Structures are given as structure tokens and as C-alpha cells.
Amino acid sequence: MPVNHSSPPPGRALLLFRTAVAALALLAVLSSAPVHARPQSASPSTATAPSRDALTSFCSATTSTPLGTCSLLAQCGTSTTKPYCSTLSLLDALCNYDNPTTDVCTQYQAYCTAKPSECRADGNTAWPAWTNSTVYQNQIYRMCKVHNMEGCDKCTNPASSLSVPLAQLASCDSFAVYVAMCKAMPDMTMCNVPWKKMCQANPTATKDNFPQICPTSAFDGSAVPATSTPSTSTGSSSSTSLDEGGDLDIPPMRMYFHQDTHDLLLFRSWVTRTAGSYAAASVGVFLVTVAYYALQAVVRGVVTPRLAASLAAATPGIKREMLVAARALVATTEIAFSFLLMLVVMTFNWGWCAMVLLGAFVGNYVFNRGSGRKAALQEMMGVDGGAGSDAPLNGAGQAGQAPAKEPFAQPLCC
Ligand SMILES: *[C@@H]1O[C@H](CO)[C@@H](O)[C@H](O)[C@H]1NC(C)=O
């Protein structure tokens, strides 16, 4: 019994001991929590963004494909003061768009978590309308599908969709190639976004600081709507938002024969979009060609002989110089006309080329009926010039003095 009586005290003591240990342990846990948390709460004050050198060495390390940001870094060079050239701005472009697996981006993301306001401060964010390398490469893909232009050879098998991951991009400097292609053909719809949008986001800064990326052609045409985004390669319907851009909707230049009612005839604003406007343009091409041969007939049949006769009679002096100048002007007009027709043929549009040829046939059939070159209009007008006669219409007295040589260039076209 005494043993039994004596047993409770040690039991109580044990209980007290256990309680004390538990309390201490709880205290230790409670006090250790802030101890463990201290390094984390201390990190905001020590978190630093990756250095310029870290970024530069990431970009110069051999990677499978040069990323857009590395291309921009090359444009910035060592400058950190140019807009969008600060290290943080470039890191935003690199890590928040392409997000390659690199310590540089891990460190940058940690820095931004710790110091969000400094991370997003003015001058520390990416170039507006900046995008990932997949988009740049996909725009190359879309452009090269429309027109095999200069630059397509620099990027073989570019990303055919926007979901191609970084690791599967073609090995080419997508941003640089895309910009170079847009500089060459600024009117292609694929250049509206992101190229023109980037340049137009802050024209004064981009024009002065990045003439290589944003030449004056990047500012041509109407402003790119702020809402436009690059459309996917497959979705033709999604590209309508870009195609609605009025005069930005310029058909691509095609240096091969093609048939399309959506084409551009000589002037930026002369874009045929409907079958009706295309037909009207075709009739115009036909009439202009016929008019060219009418002009040629008038020049050869009337103007040239008259000028020749007047020149033969003129004594050296101001009047003779005027006549020589008049003859040069007539020749220039004829050349201008023929260049115009040559440019129409160079649209490579089957319909318009055919209209030029049809116009040439009709024009020659109607206006070039003589048996000799000079006799064309004479015969038509009922003047008996005679076969091969060079007699000027108005200067019977001076006949024979008129030079028979051909002073005018042959038409360059057709
Ligand atoms: C690139 O950006 C576009 C547009 O923001 C997005 O649709 C696409 O998924 C992105 N692609 C990759 C591989 O990150």
C-alpha cells in the first residue's frame, strides 16, 4: 500500500515533467517559427536582379535558337539608357515572354516577387507590344507562305503555329529576320503586329533610338489599332481584324504570274477588292493601251513630220531650240506612257497583262493601218501619203527635207 501510496507522486512528477517538456517543445516550435521565417523575410532586402553581364553571357552562350530578347540586346549594345534597353526591361522581355529555363530568369522572378514595384517600375518593363520568339517566327512563316521573299532562306522551317515551344523553334534569329522582312515589305499585314505596333507605341523614342528596327516605313499608313494581336497561321478568319485596316490591306507583291481580283494597280490606293472593281480596272488598262497606240500614231503621223518640217525651215536660234525641246517633250510623253504599260504588265496579273495585249492588238489594228510606218494616220485620215512616203502632212513644199529617220524609242512594253 505505501508503495501504492508512494507511486502517485512520481506519476504526478512524471506528468508535470511531461507537461513541462511539451510546453517547452511548444515554445520551441513557436519560437522556432520566426527563426525559420527570418531568412525568408530577410530576402526582400537582399534580392538582387541579375546583372547585365549575366544576361549578356546567357545570350552569348550557345543555345539552339537566338531569342528575340538577345536580338534586342544586340541592338542595345552596352547602352542601358536607351528605352527598353535597361537590364530589367530586357529581363522582362526575356523571362515573361520566352521564359527560358535559366538561372537568370529564376533570379529575376525572385527579384520581382521580392520587389514588385521596382520590377514593374517605369523603364523596367519590356518594349510595348513585345512578344515571344514563337510569334516572331510564326510571322516569318506566314509571310514566306504568301511570298517567297528575301529572308525566307535565313529561317528554314519556321514555327507554323503559335504553340510551338521554345525548344522546337527553328534555329534562326527570328526577331531580326522578321524585322528585316518587314523593312523590305512594310505593307504586309503580318507587319502590323507586332512590328508596326511596337514602333508606333512610342514613336519619338523608337524612331530616334532604333532606326534599324523602326525606319520611317514603320510609321506609314494608319496607326495600328491598339487591340490588334497577331492572328494564328491557320485561322484565316482571325486575320480579318488586321485586314480591316483600310489602306493597310495591300495585296502582297507577287513576282510570278497569278490570277487574283484582289490586287494592286500602280498606286497604293488603287487596290481592287471586288470582281467589279477588278473588271473596271481591266477596262481602264485596255483603254489606256489603246490610247497609247493612238498617241503613237498621232506622234508618228502628224507631230513628228510637222516638227521635222518646222525644224528644217528654222534657223538656229531660240525658235529652233523650242522646236527641239518640243520634240524631246513628245518623246518623253511617249516613253512615260510605255513605262506605265510596262508596270501594269509587271503586276504579273494575268487579266491585266491580257488587257495590255488586247489593247495593243486593237490599238495597232485601228491606228496602224498604213503600209509604211509614217503612213499610218495619213491613210486613216484619207491623206494619200503613199507607201513608205515620208512626206509631212503640212509641208508639201518642204517634202524631201524631212528626215526619214525614226526619232522615237520603240515602246518598251508589248
Ligand atoms: C507566344 O505568345 C502568343 C501570343 O501572346 C501565345 O498565344 C503563344 O501561346 C505563346 N507561345 C509560346 C510558346 O509561349
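The structure under discussion appears in the preceding block.
The rules behind the values
Residues numbered from 1 in each chain as written. Predicted model: local features only at pLDDT ≥ 70, side-chain atom pairs only at ≥ 80, totals over all residues. Heavy atoms only, no water. Near = heavy atom within 4 Å. Polar contact = N/O pair within 3.5 Å; in protein donor to acceptor, adjacent residues only side chain to side chain. Nonpolar A, V, L, I, M, F, W, Y, C, P; charged D, E, K, R; others polar. Disulfide = S-S within 2.5 Å. Buried < 20%, exposed > 50% of the residue type's maximum accessible area, 1.4 Å probe, protein only. Salt bridge = Lys/Arg side-chain N within 4 Å of Asp/Glu carboxyl O. Helix = DSSP H or I, 4+ residues; strand = E, 2+ residues; numbered from the N terminus. Core = buried A, V, L, I, M, F, W, Y, C linked by side-chain atoms within 4.5 Å. Domains from an automatic or database assignment. Contact = heavy atoms within 4.5 Å. Axes fitted to C-alpha atoms, helices over the stretch in contact; angles between N-to-C directions. Parallel < 35°, antiparallel > 145°, perpendicular 65-115°, else oblique. Left-handed = near helix turned anticlockwise from the far one by under 90°.

The subject of this paragraph is the site of the ligand. By nearness alone, every residue bordering the ligand is listed as N132, T134, V135, L162 and V164. Contact between the ligand and N132: an oxygen atom at 2.3 Å from a side-chain N or O atom of the residue. L162 has a polar backbone atom sitting 3.0 Å from a nitrogen atom of the ligand. Across the shell around the ligand, the residue classes break down as three nonpolar, two polar and no charged.

Turning our attention to the state of the cysteines. Inspection of the entire model under this criterion finds eight disulfides. Note that C112 is cross-linked by a disulfide to C119, the S-S spacing being 1.9 Å. On the sign convention where negative is left-handed, the bridge of C112 and C119, at about 70° about the S-S bond, is right-handed. At a sulfur-sulfur separation of 2.1 Å, the disulfide partner of C182 is C191. Linking C182 and C191, the disulfide has an S-S dihedral of approximately -95° and is accordingly described as left-handed. Grouping residues by exposure puts C182 and C191 together as buried.

Bringing the pattern of salt bridges into the picture now. In this structure the tally under the stated criterion is four salt bridges. With its nearest N and O atoms 3.2 Å apart, the salt bridge here joins D187 to R268. Taken together, the positions of D187 in the loop between helix 9 (174-184) and helix 10 (192-201) and R268 in the loop between strand 1 (263-264) and strand 2 (271-272) put the pair 81 residues apart, joining distant regions of the chain. Judged by its relative accessible area of 22%, D187 falls in the partly exposed class. Across the salt bridge formed by D260 and R254, the nearest N and O atoms sit 3.0 Å from each other.

The bulk of non-glycine residues show a negative phi, and the bulk of peptide bonds are trans. Put simply, V193 and P194 share a cis peptide bond, and its omega is 0°. As for its placement among the helices and strands, P194 is situated in helix 10. The phi dihedral of A129 is positive, around 70°, even though this residue is not glycine. Counting through the fold element by element, A129 comes out in the loop between helix 7 (116-119) and helix 8 (133-146). For A129, a relative accessible area of 29% gives the class partly exposed.

What follows deals with the nonpolar core. In terms of nonpolar packing, the biggest core is built from 51 residues, with W127, W130 and M143 touching the most fellow members. Listing elements by their share of this core, those giving two or more residues are helix 3 (52-60), helix 4 (68-76), helix 5 (87-98), helix 6 (103-114), helix 8, helix 9 and helix 10. Of the residues that make up this core, three or more belong to each of domain 1 (52-119) and domain 2 (133-248). In contact with W130, not counting residues within four places along its chain, are G68, T69, L72, A93, Y97, Y136, F175 and M198.

This part takes up the side chain of S217. Inspection of the secondary structure puts S217 in the loop between helix 11 (203-209) and helix 12 (240-243). Those residues in contact with S217 that lie beyond four places of it in its chain are K183, P186, W195 and K196.

As a packed pair, helix 5 and helix 6 sit with axes 10 Å apart at the nearest point and diverge in direction by 110°. Here helix 5 is positioned roughly perpendicular relative to helix 6, judged by the angle of their axes. Considering how the two elements wind past one another, helix 5 and helix 6 form a crossing that is left-handed. Here L88, L91, D92, L94, C95 and N96 of helix 5 come into contact with helix 6, specifically with V104, C105, Y108, Q109 and Y111. Its residues assigned to classes, the contact of helix 5 with helix 6 shows eight nonpolar, two polar and one charged.

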